[in-house]
Amino acid sequence: MSTVAAALRNAAARLRAAGIDDPAGDARRLVAHALGWPPARLVIAGPDPLPPEAAAPLEAALAARCAHRPVAQILGWRAFWRHAFEVTPDVLDPRPETEVLVAAALEGTFARVLDLGTGSGCVLLSLLAERPAARGLGIDVSDAALAVARRNAARLGLSDRATLRHGDWLAGVSGPFDLIVSNPPYLAAHELAGLAPEVRDWEPAIALSPGGDGLDAYRAIAAGAAAVLAPGGVLAVEIGPTQAEAVAALMRSGGLAGTQLRRDLDGRARVVLAHRPAPQGDGL
Ligand SMILES: C[S@@+](CC[C@H](N)C(=O)[O-])C[C@H]1O[C@@H](n2cnc3c(N)ncnc32)[C@H](O)[C@@H]1O
């Protein structure tokens, strides 16, 4: 009979042979998932026999991972900011870089927040959880993604403060909002071919790229943000590392001021912020 340690070794070997990037780490996560255990328990339980009821779920999980399905989709969830979010093939797997957007948004105060392209709802719901008096609207063009976001809102006890609605960026949205956040699709069309199979074959294409030069979502958002922001309200968007200048220029063209940049832990440009200027006084 196989032990837990042997199952881990075999799983890592299979994942390595399939060309998976972190075979040992993924083996730990998938064996723990099949057992319904926290990964830390695997170390102590190494010499124990693998419970027979874990064999079928482990085989299914390994087959999926060998086909490059992302670990979060196999587990069904991803840790982001302070919470676990349901992840399915209908939503972008929340990325650690996007926590820079959450941190930037939390630098200011807000009571009404709008999240454009909410996906799993990870950004909007993390912000609402941090600000118990705030209310939010999450927009997405994907009904399937909105269904996941609604389940995440319900599980986090945030359904009463989070409205999740189908829409195309700012079309039909009326403010005022103190804060707009967005992590829109931003890959240029030519970048898609170079993506890892985990992303290219398993994540929703509509979450990855708006086509063309990758800037179309920023064009739509920057052009309409000032009209739905309260005076002094902030727009904060996640960007690809080479897009800071172009996105800041779009924000200025849209009537926003004071563009600022935030970087991720690797030092790459990751978030651009700007605000709607307060109206000028009448000079009296
Ligand atoms: C990069 S994902 C971000 C998801 C989530 N906010 C996150 O950070 O993990 C972009 C999201 O924008 C949505 N989207 C794409 N085009 C859209 C549009 N025209 N209007 C609204 N949402 C759109 C996609 O469905 C996807 O959920």
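Since the model is a prediction, treat every value here as computed from it, not as a measurement. (Residues numbered from 1 in each chain as written. Predicted model: local features only at pLDDT ≥ 70, side-chain atom pairs only at ≥ 80, totals over all residues.)

Draft legend 1. Structural detail: the overall build of the protein. Helix and strand content of the protein: twelve helices and nine strands. In the protein, buried positions account for 40% of the 284 residues. (Helix = DSSP H or I, 4+ residues; strand = E, 2+ residues; numbered from the N terminus. Buried ≥ 20, exposed ≤ 12 C-beta atoms within 10 Å, placed from the backbone.)

Draft legend 2. Structural context of the packing of helix 11 (residues 216-228) against helix 12 (residues 244-253). Where helix 11 contacts helix 12, the axes come no closer than 8 Å and their chain directions differ by 30°. By the criterion of interaxial angle, the relationship of helix 11 to helix 12 is roughly parallel. Relative to helix 12, the crossing made by helix 11 is right-handed. Taking contact as the criterion, the partners of Tyr-218, Arg-219 and Ala-222 in helix 11 are, on helix 12, Val-247, Leu-250, Met-251 and Ser-253. Taken together, the residues that form the contact of helix 11 with helix 12 break down as five nonpolar, one polar and one charged. (Axes fitted to C-alpha atoms, helices over the stretch in contact; angles between N-to-C directions. Parallel < 35°, antiparallel > 145°, perpendicular 65-115°, else oblique. Left-handed = near helix turned anticlockwise from the far one by under 90°. Contact = placed C-beta atoms within 7 Å. Nonpolar A, V, L, I, M, F, W, Y, C, P; charged D, E, K, R; others polar.)

Draft legend 3. Structural view of the domain arrangement of the protein. Here the protein is described as being made up of domain 1 (4-67) and domain 2 (75-275). The distance between the C-alpha centroids of domain 1 and domain 2 comes to 34 Å. (Domains from an automatic or database assignment.)

Draft legend 4. Broad picture of unusual backbone geometry. Cis geometry marks the peptide bond from Gly-175 to Pro-176; its omega dihedral reads 5°. Residue His-68 is not a glycine yet carries a positive backbone phi of 70°. Counting through the fold element by element, His-68 comes out in the loop between helix 4 (55-66) and helix 5 (71-75). On the basis of neighbour count, His-68 is assigned to the partly exposed category, with 17 C-beta atoms found within 10 Å.

Draft legend 5. Region of interest: the UniProt feature "domain: Methyltransferase small" (unreviewed entry) in the protein. Per the UniProt annotation, the sites labelled "domain: Methyltransferase small" (unreviewed entry) are residues 98-191. With 31% helix and 23% strand, residues 98-191 has its two end C-alpha atoms placed 19 Å apart. (UniProt positions renumbered as here; feature names shortened; annotations may be inferred.)

Draft legend 6. The arrangement of the UniProt feature "binding site: substrate" (unreviewed entry) in the protein in detail. According to UniProt, the feature "binding site: substrate" (unreviewed entry) maps to Asn-183, Pro-184, Pro-185 and Tyr-186 in the numbering used here. Inspection of the secondary structure assignment puts Asn-183 in the loop between strand 6 (177-182) and helix 9 (197-200). For Asn-183, a count of 28 C-beta atoms within 10 Å corresponds to the buried category. Once residues within four sequence positions are removed from consideration, Asn-183 is found in contact with Thr-98, Leu-101, Gly-117, Val-123 and Glu-238. Considering the arrangement of structural elements, one finds Pro-184 in the loop between strand 6 and helix 9. The residues contacting Pro-184, other than those within four sequence positions of it, are Leu-116, Gly-117, Ala-217, Tyr-218, Ile-221 and Val-237.

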